[in-house]
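Residue strings, one per chain:
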Amino acid sequence: MKICSVVGARPQFIKAAPLSTAIRNQATEILVHTGQHFDQNMSDVFFSELEIPKPEYNLNISVSSHAEQTGQMMVELEKLYLKEKPDLVLVYGDTNSTLAGALAASKIHIPIAHVEAGLRSFNRNMPEEINRVLTDHVSRWLFVPSDEARKNLSAEGITNNVFEVGDLMYDAVLKFSKKASTHSNILERLELQAGSFLLLTLHRAENVDSREHLENIISALASVESKILLPLHPRTAKRLQAFKLELPNNVQTLEPLGYLDNLQLLENSRGLLTDSGGMQKEAYYLNVPCITLRSETEWVETVEVGWNQLVHGDFKSLKTAESGLDAVRKKEHPALYGNGSTAELICNRLFS
Ligand code: UD1
């Protein structure tokens, strides 16, 4: 069996790490990097640290408009699929690379497997929501992380070939958190004491592309008492510069972090502030309380168990959420998205 896996952005590299290894034990994999994330510290470092095979193809498509990005990827992927003739195309998550990989395959009748299917924010203003819905509807195999995701698909009429397998990011955390604690010296480099800081990530278009909204978030951050570390995503760096906005004094920016430094910083933080999907779960796996800077989340289970609070950029609720952070650690911590054997479960289905 020949599988073509399409990746392009940081969270996809992380998910590909455990699954590519498992696939290559049983089949031929052609790994394609679309080029959506291209900086050394947004891309290459993940391949080396997570021991991901070197992609067979890099399409180097890094234009920033959605239509250009998705369209150019589709054109190149179609050519590649026609040349390589894979039996299956595998796509991950909800980025433009996911949608391009799936749409191009569906038009030439190559079956698609979607990993992390069924997630919904029910906010169609997010490009990610459009990418998820469309990808799910053209996929043959739908690998969902939770029962909630299965129900979301069922509500849209998708009930065949839906398999609950948990979350590949949990496989990756289990595999690499020990390596992070021995290989990363980020706490020493930044002279940080464990538990003395909050980690912040911010990059969603809905949060950073509007001046007003970004400004609200920044003033809310100024009210937080802990020191805040912010590895700055290129999108956010560009917007801060374009809007001429300054971050408050309690926020220290860093270059985007590699996987191991990020895990190490997260595990030793007092809490996480984020608008990332993946980081909400990684925080949970590492027993770190999370505040999500959005009004909804796809990972509703983390909110239901009380480890994740939703705060949408307003100053008062951020302050209240921050003051409740330490109490969160006493809450129960049930397994939410499988037991870390997601790669194996997916392979069992694909190769049975
Ligand atoms: C994308 C995904 C989002 C995912 C995120 C992970 C879409 C619609 N969004 O958002 O779901 O959570 O990745 O980080 O696919 N840039 C650089 N260097 C890089 C990468 C990007 O300078 O290495 C610039 C791009 O040129 C662009 C901006 O950063 O101007 C945003 O990148 P883009 O790929 O559009 O999406 P993300 O915001 O990263």
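Read on for an overview of the structure. Predicted, not measured: the structure shown is a model, and the values here were computed from it. (Residues numbered from 1 in each chain as written. Predicted model: local features only at pLDDT ≥ 70, side-chain atom pairs only at ≥ 80, totals over all residues. Heavy atoms only, no water.)

### Examining the site of the ligand
Argument step 1. Near the ligand there are 23 residues, and of these Gln36, His37, Asn96, His233 and Arg235 occur at the shortest range.
Argument step 2. Note that an oxygen atom of the ligand is positioned 2.9 Å from one of the backbone N or O atoms of Phe38.
Argument step 3. The set of elements that each furnish at least two residues to the shell around the ligand consists of α1 (10-24), α3 (66-84), α5 (127-138) and α11 (234-242). (Near = heavy atom within 4 Å. Polar contact = N/O pair within 3.5 Å; in protein donor to acceptor, adjacent residues only side chain to side chain. Helix = DSSP H or I, 4+ residues; strand = E, 2+ residues; numbered from the N terminus.)

### Here's the deal with the sheet that holds strand β10 (residues 251-254)
Argument step 1. Pairing is parallel across the open sheet formed by six strands, whose spatial order is β10-β9-β8-β11-β12-β13. Either end of the sheet is taken by a strand with one partner, and the two such strands are β10 and β13 (308-310). Here the strands of the sheet are splayed against their neighbours by 25 degrees on average, with no regard to which way each runs.
Argument step 2. Pairing of strand β12 (residues 290-292) with β13 involves three bridges; the strand directions are parallel. Within β13, the residue paired with Cys290 across the bridge is Asn308.
Argument step 3. Sitting on the sheet, helix α12 (residues 259-267) is in contact with β8 (197-201), β9 (227-231), β10 and β11 (271-274), with an inclination near 135 degrees to β8.
Argument step 4. Docked against the sheet, helix α13 (residues 277-285) engages β8, β11, β12 and β13, running at close to 170 degrees with respect to β11. (Pairing = 2+ DSSP bridges. Axes fitted to C-alpha atoms, helices over the stretch in contact; angles between N-to-C directions. Contact = heavy atoms within 4.5 Å.)

### As for the nonpolar core
Argument step 1. In this structure, Leu19, Phe143, Tyr259 and Leu265 are the most contacted members of the largest nonpolar core, which totals 69 residues.
Argument step 2. For this core, the element with the most residues is α1, which contributes seven residues.
Argument step 3. Among residues more than four places away in sequence, those in contact with Tyr259 are Ile14, Phe46, Glu49, Leu50, Ala172, Val173, Phe176 and Glu282.
Argument step 4. In terms of nonpolar packing, the next biggest core, distinct from the first, is built from 24 residues, Leu221, Leu273, Ile291 and Ala321 among them. (Core = buried A, V, L, I, M, F, W, Y, C linked by side-chain atoms within 4.5 Å. Buried < 20%, exposed > 50% of the residue type's maximum accessible area, 1.4 Å probe, protein only.)

### Observations regarding the packing of α1 against helix α2 (residues 40-49)
Argument step 1. Two elements in contact, α1 and α2, have axes whose closest approach is 9 Å; the angle formed by their N-to-C orientations is 10 degrees. With respect to each other, α1 and α2 are oriented roughly parallel. For the pair α1 and α2, the contacting residues are Arg10, Phe13 and Ile14 in the first and Met42, Ser43, Phe46 and Phe47 in the second.
Argument step 2. For the contact of α1 with α2, the per-class residue count stands at five nonpolar, one polar and one charged. (Parallel < 35°, antiparallel > 145°, perpendicular 65-115°, else oblique. Nonpolar A, V, L, I, M, F, W, Y, C, P; charged D, E, K, R; others polar.)

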